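The primary structure of each chain is shown beneath.
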Amino acid sequence: MSGNNSLATFEDKADGLWRNARLADMAENAGVTEHGAVAVVDGRIAYAGPESAVPESLTALPAIDCGGRLLTPSLVDCHTHLVFGGDRAMEFEMRLNGASYEEIARAGGGIVSTVSATRALSVDELVAVSLPRLDTLLAEGVSTVEIKSGYGLTVEAELNMLRAARRLGEIRPVRVVTSWLAAHAAPAEYKGRNRDYIRDVVLPGLELAHAERLVDAVDGFCEGIAFSVEEMRIVFDRAKELGLPVKLHAEQLSNLGGAKMAASYGALSCEHLEYLDAEGADALAKAGTVAVLLPGAFYTLREKQAPPVALLRAAGARMALSTDCNPGTSPLTSLLLTLNMGATLFGLTVEECLAGATREAARALGLLEETGTLEAGKSADFTLWNATRPAELVYRIGFNPLHARVFKGRKVSQ
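Residues numbered from 1 in each chain as written. Predicted model: local features only at pLDDT ≥ 70, side-chain atom pairs only at ≥ 80, totals over all residues. Heavy atoms only, no water.

Draft legend 1. Main features of the layout of surface pockets. In this structure, the second largest pocket spans a volume of roughly 220 Å³. Lining of the second largest pocket is provided by 13 residues; of these, Ala-317, Glu-351, Glu-352, Arg-359 and Glu-360 occupy positions nearest its centre. For the lining of the second largest pocket, the element with the highest residue contribution is helix α13 (residues 350-356), accounting for three residues. Here the residues of the lining of the second largest pocket are counted per class, giving four nonpolar, two polar and seven charged. (1 Å grid on protein atoms, 1.4 Å probe; cavity = no way out; pocket = protein on both sides within 12 Å on 5 of 7 lines; lining within 4 Å. Points joined across faces, edges and corners; volume = space filled by probe spheres on them. Helix = DSSP H or I, 4+ residues; strand = E, 2+ residues; numbered from the N terminus. Nonpolar A, V, L, I, M, F, W, Y, C, P; charged D, E, K, R; others polar.)

Draft legend 2. Expanded view of the UniProt feature "binding site: Fe(3+)" (unreviewed entry) in the protein. Sequence positions flagged by UniProt for "binding site: Fe(3+)" (unreviewed entry) are, in local numbering, His-79, His-81, His-249 and Asp-324. Their sequence span is 246 residues, while the largest C-alpha to C-alpha distance among them is just 12.3 Å; these annotated residues converge on one region. Tracing the backbone shows His-249 in strand β11 (residues 247-250). Relative accessible area serves as the criterion here: at 3%, His-249 is assigned to the buried category. (UniProt positions renumbered as here; feature names shortened; annotations may be inferred. Buried < 20%, exposed > 50% of the residue type's maximum accessible area, 1.4 Å probe, protein only.)

Draft legend 3. Spatial organisation of unusual backbone geometry. We note that His-35 has phi near 55°; this positive angle belongs to a residue other than glycine. Position of His-35 relative to the elements: it lies in strand β3 (residues 33-41). According to the relative accessible area criterion, His-35 is exposed, its value standing at 55%. Here Leu-273, not a glycine, exhibits a phi torsion of approximately 70°, which is positive. Mapped onto the elements, Leu-273 comes out in the loop between β12 (269-272) and α9 (278-287).

Draft legend 4. How the structure looks around the pairing of β11. Here β11 shows a buried face lined by Lys-247 and His-249 and a second buried face lined by Leu-248 and Ala-250. Strand direction decides the pairing type here: strand β10 (residues 217-222) and β11, joined by two bridges, are parallel. Bridge assignment links Phe-221 to a residue of β11, and that residue is His-249. The parallel pair β10 and β11 is bridged by helix α7 (residues 229-242), and the resulting crossover is right-handed. Looking at chain direction, β11 and β12 are connected through four bridges and run parallel. Looking at the pairing, His-249 lines up with Glu-271 of β12. Crossover handedness for the path β11 to helix α8 (residues 258-264) to β12: right-handed. (Pairing = 2+ DSSP bridges. Right-handed = clockwise from strand over helix to strand, strands pointing away.)

Draft legend 5. Local environment of the packing of helix α6 (residues 194-211) against α7. Packing of α6 against α7 leaves a shortest axis separation of 11 Å and a crossing angle of 20°. Here α6 lies roughly parallel to α7, going by the angle between them. Between α6 and α7 lies a crossing whose hand is right-handed. Judged by residue contacts, Asn-194, Arg-195, Ile-198, Val-202, Leu-203, Leu-206, Glu-207 and His-210 of α6 engage Glu-230, Glu-231, Ile-234, Val-235, Arg-238, Ala-239 and Leu-242 from α7. Broken down by class, the residue content of the contact of α6 with α7 amounts to eight nonpolar, two polar and five charged. (Axes fitted to C-alpha atoms, helices over the stretch in contact; angles between N-to-C directions. Parallel < 35°, antiparallel > 145°, perpendicular 65-115°, else oblique. Left-handed = near helix turned anticlockwise from the far one by under 90°. Contact = heavy atoms within 4.5 Å.)

Draft legend 6. Layout of the domain arrangement of the protein. With domains assigned, the protein is organised as domain 1 (16-73 + 374-412) and domain 2 (75-365). On a C-alpha basis, the centroid separation for the pair domain 1 and domain 2 is 30 Å. In this complex, domain 1 contributes 24 residues to the contact, which on the side of domain 2 involves 25 residues. In total, about 1900 Å² of surface goes out of reach between domain 1 and domain 2, with carbon and sulfur atoms giving 62% of it. Three residues, Met-26, Val-394 and Arg-405, lead the burial of domain 1 against domain 2; their summed loss comes to 34% of the area buried on that side. Counting the contacts that link domain 1 with domain 2 gives one salt bridge. One salt bridge in this structure joins Arg-175 and Asp-381, with 2.9 Å as the shortest N-O distance. Where domain 1 meets domain 2, there are nine residue pairs in polar contact (both at pLDDT 80 or more). Those elements that place two or more of their residues in the side of domain 1 that touches domain 2 are β6 (70-73), β15 (382-385), α15 (391-395) and β16 (402-407). Per-element accounting of the side of domain 1 that touches domain 2 gives the leading share, four residues, to α15. Classifying every residue of the side of domain 1 that touches domain 2 gives 15 nonpolar, four polar and five charged. (Domains from an automatic or database assignment. Buried area = accessible area lost by both parts, 1.4 Å probe. Salt bridge = Lys/Arg side-chain N within 4 Å of Asp/Glu carboxyl O. Polar contact = N/O pair within 3.5 Å; in protein donor to acceptor, adjacent residues only side chain to side chain.)

Rendered as structure tokens:
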């Protein structure tokens, strides 16, 4: 699926007993249940487990034969910058010629270079240019997508990005979660005046976004080329006053201690984390903050230092995977490819990869009670694959084995 003419639309209700499946429900330590079944009633999961143990009250439901295929929770892309204008192909060429991410940013490129193209578009236009990217994700079995602001860098332009994100969730069968990321970069007119920008744009815009019900969480970029730990505290304090959860881009290019600070606020997640240390990993684990790993950016930027997966494992921190879909550092719209990257580039196991794009990704969005695993009471969000084991979703490159997708108990036509 690609382009505005390719629509993901609802067909009909999927209420019934989905049987004869190889079921990976992604609940803790679940593995794969041969001859598994999922019962769907009124858009919710009424049962998930061995077909032999289906409650008698559900056996009369219409049967859907899965043909022995793999059935998993639908995928969750928990970190994207999917709404933006323009592209940064020229920047890609600059990197091929040896320029680093930091050099490009300090020369006026990077995040700021997308701003003028995004500011120039109306909400309708932002929706139109973003739809092909969203449709590509949906075609791979994605049910839930987080979308950030961060390329407007004025109050109205940031609000328009989130208005477009909300609209996308209305015209496609997908759950859209939004993050206020005005603290992504200081625009040219505020160069060297980060605190003035926070005072004039980030905080008042956040209050308006909250009043308009456009924002589900508050994010920021804590790095030497962006905002300091203390500057991000100002933003997080206001988020806390508004009752909004926080998350943070941290330790991508250096270790400023942003992850530890975000964990002290009970952050839902911290993202990138290539330079995270043991103290930071312990802080994330203790706070229940999910470490969101973004191999697309690592790959695109040709970085040498991978996230400290061993430290995160040792600390007991949760790990998620996401595309980081954005125009400059991760122009990636395949969560399946992201799973492969997580394994090949970061050394994650198959179980960690699939959990990272289902259970842990939902946890990173504060949605684990609603989606991310196949358990009674949750939304009927699941995907049937032309595969028999989870490893098939991780090892293939450029292959989409989607057979059917169900979202909120409705079949989706791709």
